[in-house]
There are 2 protein chains.
Amino acid sequence: MKEQEKKRPWIKSVVPEMAPPSLSDNTADVDRLVKAIGKALPGKPVITDYLLIRDIASTLRRCEYRVEAVLFEEGDRWHLVGVLPVVEDHALFGLAVDLGSSTLVVRLLDLNTGESVDESSFHNPQIQIGTDILARIHFAAKDGGLQELQALVRNCLNREITALCEKHRIAPDRITGVAVAGNTTMTHLFLGLDPYWICREPYIPIINSPPLIKGKDLGLAVNPGAPVLVFPNVGSYFGGDLIAGILASGMNREKEVSLLVDVGTNAEVVIGNSEWLMACAGAAGPALEGGVADMGMMAGPGVIDKVTIDPETEAFHIRTIDNREPVGICGSGLIDLVAQLYLSGMIDLRGKFVSRRCGDRLVERDGIRDLVVVPPERSATGKALTLAQTDVDGLVRSKAAMFTILITLANTVNIPLMEIHRFFVAGTFGSYIDPRSAITVGMIPDLPLERYVSLGNTSLEGATLGLLSIDARKDISIIRDRVTYLELNVNQEFMNLFSAAKFIPHTEKSLFPSVKPHGMVDNPRPLQLESKGRSSADRGHGAGFQRPK
Amino acid sequence: MKEQEKKRPWIKSVVPEMAPPSLSDNTADVDRLVKAIGKALPGKPVITDYLLIRDIASTLRRCEYRVEAVLFEEGDRWHLVGVLPVVEDHALFGLAVDLGSSTLVVRLLDLNTGESVDESSFHNPQIQIGTDILARIHFAAKDGGLQELQALVRNCLNREITALCEKHRIAPDRITGVAVAGNTTMTHLFLGLDPYWICREPYIPIINSPPLIKGKDLGLAVNPGAPVLVFPNVGSYFGGDLIAGILASGMNREKEVSLLVDVGTNAEVVIGNSEWLMACAGAAGPALEGGVADMGMMAGPGVIDKVTIDPETEAFHIRTIDNREPVGICGSGLIDLVAQLYLSGMIDLRGKFVSRRCGDRLVERDGIRDLVVVPPERSATGKALTLAQTDVDGLVRSKAAMFTILITLANTVNIPLMEIHRFFVAGTFGSYIDPRSAITVGMIPDLPLERYVSLGNTSLEGATLGLLSIDARKDISIIRDRVTYLELNVNQEFMNLFSAAKFIPHTEKSLFPSVKPHGMVDNPRPLQLESKGRSSADRGHGAGFQRPK
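Here the structure is a predicted model, which is why all the values come from computation and not from measurement.

*Asks:* I'd like a rundown of the overall build of chain A, residues and numbers included.
*Replies:* Along the backbone of chain A there are 15 helices and 22 strands. Here chain A has a C-alpha radius of gyration of 26 Å; the compact-globule value for 549 residues is 24 Å, and the two agree. For chain A, the spread of C-alpha atoms along the principal axes amounts to about 100 × 50 × 45 Å. When each of the 549 residues of chain A is scored for burial, the buried share is 60%. Sequence-distant contacts in chain A: of pairs separated by 6 or more residues, those separated by 24 or more amount to 67%. Surface accessibility of chain A: about 21600 Å² in total, with carbon and sulfur atoms responsible for 50%. Averaged over its 57 positive side-chain charges, chain A has a centre that lies 1 Å from the centre of its 66 negative ones.

*Asks:* If you had to explain the environment of valine 15 of chain B to someone new, which residues and values would you point to?
*Replies:* Residues and elements named next belong to chain B. When you line up the elements, valine 15 lands in the loop between strand 1 (11-14) and helix 1 (29-40). Residue class for valine 15 comes out partly exposed when judged on its relative accessible area of 29%. Sequence spacing of valine 15 and valine 86 is 71 residues, and the spatial spacing of their C-alpha atoms is 7.5 Å. Residues within four places of valine 15 in sequence aside, it is in contact with Arg66, Val67, Glu68, Val86 and His90.

*Asks:* Quick one: what's the story with the interface of chain B and chain A, residue by residue and with numbers?
*Replies:* Listed by partner, the interface residues are 41 residues for chain B and 42 residues for chain A. For the pairing of chain B and chain A, the buried interface totals around 3500 Å² over both sides, and the portion due to carbon and sulfur atoms is 59%. The interface formed by chain B and chain A holds two salt bridges in total. Among the ionic pairs, aspartate 76 of chain A bridges to arginine 77 of chain B, the shortest N-O distance being 3.3 Å. Where chain B touches chain A, the interface holds 18 residue pairs in polar contact (both at pLDDT 80 or more). Of all the secondary structure elements, the ones that give two or more residues to the side of chain B that touches chain A are helix 1, helix 2 (50-62) and helix 4 (145-167) of chain B.

*Asks:* If you had to explain the packing of aromatic side chains to someone new, which residues and values would you point to?
*Replies:* Between two aromatic rings, the relevant description is the distance of the centres plus the angle of the planes. With the rule as written, the count across this model stands at twelve aromatic pairs over all chains. Taken together, a centroid distance of 5.4 Å and an interplanar angle of 50° make the contact between phenylalanine 403 of chain A and phenylalanine 512 of chain A tilted. Taken as a pair, phenylalanine 403 of chain A in helix 10 (residues 389-412) and phenylalanine 512 of chain A in the segment after helix 15 (492-501) lie far apart in primary sequence, 109 residues in all. Residue classification places phenylalanine 403 of chain A among the buried residues on the basis of a relative accessible area of 2%. Of the residues examined, phenylalanine 512 of chain A reaches a relative accessible area of 2% and is grouped as buried. Positioned over the ring face of tryptophan 197 of chain A is arginine 61 of chain B, at 3.9 Å from the centre of the ring. Residue placement shows arginine 473 of chain B over the ring face of tryptophan 10 of chain B; its charged tip is 4.3 Å from the ring centre.

*Asks:* Just give me the short version of the confidence of the model for chain A, but keep the residues and values in it.
*Replies:* All names here are of chain A. Summarising the model, chain A shows a mean pLDDT of 89, and 91% of its residues fall at 70 or more. Segment residues 1-6 is flagged for pLDDT under 50; beyond a separation of four residues in sequence, or across chains, it makes 14 contacts in the model. Within the model, the stretch residues 521-549 combines pLDDT values under 50 with 74 contacts to residues more than four positions away or in other chains. The ipTM value of the predicted complex is 0.89, and its pTM value is 0.89.

*Asks:* Would you mind going over the relation of the copies chain B and chain A in detail, with residue names and values included?
*Replies:* When chain B is fitted to chain A, the best match, at an RMSD of 0.1 Å, comes from turning it 180° and sliding it 0.0 Å along the axis. The transformation just described matches what one would write down for a two-fold rotation axis. Distance from the rotation axis, computed per C-alpha, reaches its smallest value in chain B at aspartate 76 of chain B: 4.8 Å. Here 100% of the contact residues of chain B are again contact residues in chain A; the copies associate through an equivalent surface.

*Asks:* I'd like a description of the sheet that holds strand 6 (residues 103-110) of chain A, backed by residues and values.
*Replies:* Residue and element names in this part refer to chain A. Across the sheet, six strands lie side by side as 7-6-5-8-10-9; this open sheet has mixed pairing. Both outer strands of the open sheet, strand 7 (116-123) and strand 9 (213-214), are each paired with one neighbouring strand and no more. Sheet analysis places strand 5 (residues 93-99) next to strand 8 (residues 175-182), joined by seven bridges and oriented parallel. The residue bridging alanine 96 from the neighbouring strand is alanine 179, located in strand 8. Running at roughly 145° to strand 7, helix 4 (residues 145-167) makes contact with strand 5, strand 6, strand 7 and strand 8 of the sheet.

*Asks:* Could you give an account of the sheet that holds strand 13 (residues 277-282) of chain B, naming the residues involved and the relevant values?
*Replies:* Residues and elements named next belong to chain B. Strand order across the open sheet formed by six strands is 21-20-11-12-13-22, with mixed pairing between neighbours. At either end of the open sheet lies a strand with only one pairing partner, and these are strand 21 (452-456) and strand 22 (483-485). For this sheet, the mean inter-axis angle between neighbouring strands, taken without regard to orientation, is 20°. Strand direction decides the pairing type here: strand 12 (residues 267-272) and strand 13, joined by six bridges, are antiparallel. By the bridge assignment, glutamate 268 is partnered in strand 13 with alanine 281. Across the sheet, helix 6 (residues 240-249) is in contact with strand 11 (258-263), strand 12, strand 13, strand 20 (422-426), strand 21 and strand 22; its angle to strand 11 comes to roughly 135°.

*Asks:* Describe the pairing of strand 11 (residues 258-263) of chain A, naming the residues involved and giving the relevant values.
*Replies:* The side chains of a regular strand alternate, residue by residue, between the two faces of the sheet. All names here are of chain A. Of all the six residues making up strand 11, six are buried; the element is thus mostly covered by neighbouring parts of the structure. Side chains Ser258, Leu260 and Asp262 project from strand 11 onto one buried face, and the interleaved Leu259, Val261 and Val263 project onto a second face that is buried too. Bridge analysis of strand 11 against strand 12 (residues 267-272) gives six bridges, and the strand direction is antiparallel. Looking across to strand 12, one finds that serine 258 is bridged to glycine 272. Where strand 11 and strand 20 (residues 422-426) come together, five bridges link them in parallel fashion. Paired with leucine 259 across the two strands is phenylalanine 423, which belongs to strand 20.

*Asks:* Can you break down the pairing of strand 20 of chain A residue by residue, with the values?
*Replies:* All names here are of chain A. The element strand 20 is largely enclosed, with a buried count of four among its five residues. As paired elements, strand 20 and strand 21 (residues 452-456) share four bridges and run parallel to each other. Bridge assignment links valine 425 to a residue of strand 21, and that residue is serine 454.

Calculation criteria
Residues numbered from 1 in each chain as written. Chains lettered and ligands numbered in written order. Predicted model: local features only at pLDDT ≥ 70, side-chain atom pairs only at ≥ 80, totals over all residues. Heavy atoms only, no water. Helix = DSSP H or I, 4+ residues; strand = E, 2+ residues; numbered from the N terminus. Rg over C-alpha atoms; globule rule 2.2 N^0.38 Å. Buried < 20%, exposed > 50% of the residue type's maximum accessible area, 1.4 Å probe, protein only. Contact = heavy atoms within 4.5 Å. Areas by Shrake-Rupley, 256 points an atom, 1.4 Å probe, with all protein chains shown as cover. Lys, Arg positive; Asp, Glu negative; His and termini not counted. Charge placed at Lys NZ, Arg CZ, Asp CG, Glu CD. Buried area = accessible area lost by both parts, 1.4 Å probe. Salt bridge = Lys/Arg side-chain N within 4 Å of Asp/Glu carboxyl O. Polar contact = N/O pair within 3.5 Å; in protein donor to acceptor, adjacent residues only side chain to side chain. Phe/Tyr/Trp six-rings, centres within 6.5 Å; stacked < 30°, edge-to-face > 60°. Lys NZ or Arg CZ within 6 Å of the ring centre and 35° of its normal. pLDDT = per-residue confidence, 0-100. Least-squares fit on C-alpha atoms with pLDDT ≥ 70 in both. Pairing = 2+ DSSP bridges. Axes fitted to C-alpha atoms, helices over the stretch in contact; angles between N-to-C directions.

What follows is the structure in structure tokens.
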């Protein structure tokens, strides 16, 4: 999506030229307004909603026929959102919402400039019902369960909206548009639609492409007539968050073939270009999450997010968020750690600890071998932070699953992974992971690093684009209709590919020519996609390697 | 409106061909339905309402993907009304409503055949707030007054709808369309819109052309998604009932110039053809109502609706509704009576009793001269039914007002009244009045009787057409936009015309060549427009000469 395309908004306000009624022009209030809007925005009819009419008339009278009319464009019509007293700067605001199953992010946007005014995030309150999606689906089937799940998110969201409005002194009526992107289940719960069939064969949602909904119908604390754009889904396992991701990447407008990876609860992958898009999803995420059994945790102060092992001294150089004493390790830190352990020879190509190389870092506890990453005296907890063999095994399984999904999808469309023009990585996974480390462990293909593009929160970014641009809105339905979803059948071939991927970096070393343990080559300096600093304020953005509590 | 044009309905149902979901086609429930409808009704997109989605999905599941989808056409789209379990005859029903300020009439229609299934009427319950419109407007301004007025009509209407459904064993969900025609104030009250400004300069309504409204938004006991077509108005004094009247007359499609008169609380007149329409309204009705001070009453059993005076014997031949003993006289009876009195010489051209001719029928009571129409021994009340001089004076003023309105409007467009091709008369006024008598008193122009066409309840008829036909719906907005409303300024010229019309039949006798008192010509036999019988079951239809209680 190019910058200039953001300039074609679909939600806007006008101050229509209106003479007050007189004996010589006794057109009714609402019709007078509609006529005047028609002059300001010619070419398309203006549609009013019955439930708005009362307010329109009283606002017109109160403001002596000088009002700001807010409208949104839908197909060949303008729909009236409402009329507001005129303010000097005609400021209008919108909200882009990333409806994550763990974290919700709300971005306040200036609809006139397209600029982000503020952003805030909070844990999805549905976590109290169930950390995983399945638990929530089951809860929704209980009497009143669906309503409770919907209300939990709505109430938290409204609290956040109200806080943003107060902070920026914005009248809630001036929030005249909302865009929401989430996975299919989260979207169903947000809409109060029963997700019962989403997890049951043949796994169909109630709706793929929701219509535009009015703010009041969803009980949102915004202008009651504000259109709420809810991103469509391709199916139960390919949600609006991914449509938003494709939109944010712009891969749907490129001639060259790109690949987009989003690792949340599932690993979701899309390959394609401006002519076709193929997607699949697989359980790589849960394995990654399960892999960090002991010391793993969500990003936060004191959490290790970067590890290097000095090839000469074999000293562990550890970076923590906010530079606090270490308390645990997050996803990106773990991948770094395993990559460094492999490069330094402390684990072998099967991911097993090499006693001889680990030395006294290796301790045995309850018959399980643990590698001491941080000794007790340097840990914030007073206890050693250790990595178990099972943790490494888990990570290897996860990275193998990830790589297998990538190669299966690439094989399906008959495009070698090495020919991927852009490899987009969405979410926390993409923002903080060191692609060099991810390549080293064999999680992602051994592409030149410049082909990797980290996109951050693409769900939020896509929602932003959808809210701001009419072309983005068109793209959303084009993308939805274009995506072919590949059902990953875990058949013998998949299992063979998976087994081959369960080595570091891979059984077939030629796939990873750049990965060479120390001693074989110079120590390649780890590179970060974006070397921006990381602080605890980032906590909760994205869901890369978060561990449910 | 020709019969074949009723065949293009805008509300219809289809049973879309749908395969149940499978692993190979995991389209969501709602999208599956929309796709299937698109195949059945190609060419226009199908729009769904968010609030319908939940029900759609559960109905689809319950009915195993075989459902009847009800849709209505609006512009270039199909809107989904709802989905229903399939019934054998696919019967769909609609309601046409005449929203009269005195009486509401509901017609139950079969939307597939266009046939009327049943009809019922009831007094407007708002009468308990105020018999006249102004009283209701004032009441609406009170706290909760508007809501009370709206609820009164809605509740009565719902009771009537429920009764019709029970009587005909129709599920209320099968009532999938409603059309409502009423005057501007009644329409505003029906919509819960404050009529405050309707009676205050510059007399503007809140809305001229309401959008289609969903049944649920008006709280009607029909399918919640049923479109409610509320007839538009041209202004505060030219309401949807008259738009419906023009539609019912078809004058808007004729090359020749026609005239439509509707006498309710006001006398409303429209002149025009397929190219132009000009309308005006004036206070002829209230004067007519006020004119029947003593013995006047609404049509009902025992009410005199026809009078002839034998030119030889001077005997009064009286016909009453249901042939009961007489209790009073209604509007059509009164016009007959005054016409006959004039023809027999018992009143003169100024409308004054001629003692010499009246003989002992004339009695004096409290200094006022009354003509005994029914002696006490033949009256149902045991008292004489008498006509006061003031009653005749009132009628003369009313008929003069009526005629002056007609001639003023005709003068404005420079078309002699005698060149009117069709003279349509709407309402009870038209159904029961003897045009011969109305000509005799000089109320309506002396056209050949075959040019008079009585249309009955045109408000109900227009609503029926609007509900059944897409072309009629288009005509409604064409008519609304085409009508030029002439503000009747009661200036000197109007007063001169009025004074000239205050004679029977008129000062200028050449305007009424056919009117000749007995002795001058053979007694012209009274003719009725439609000589259908009249019974008490007709009570309350239309508002011709009803007297407020």
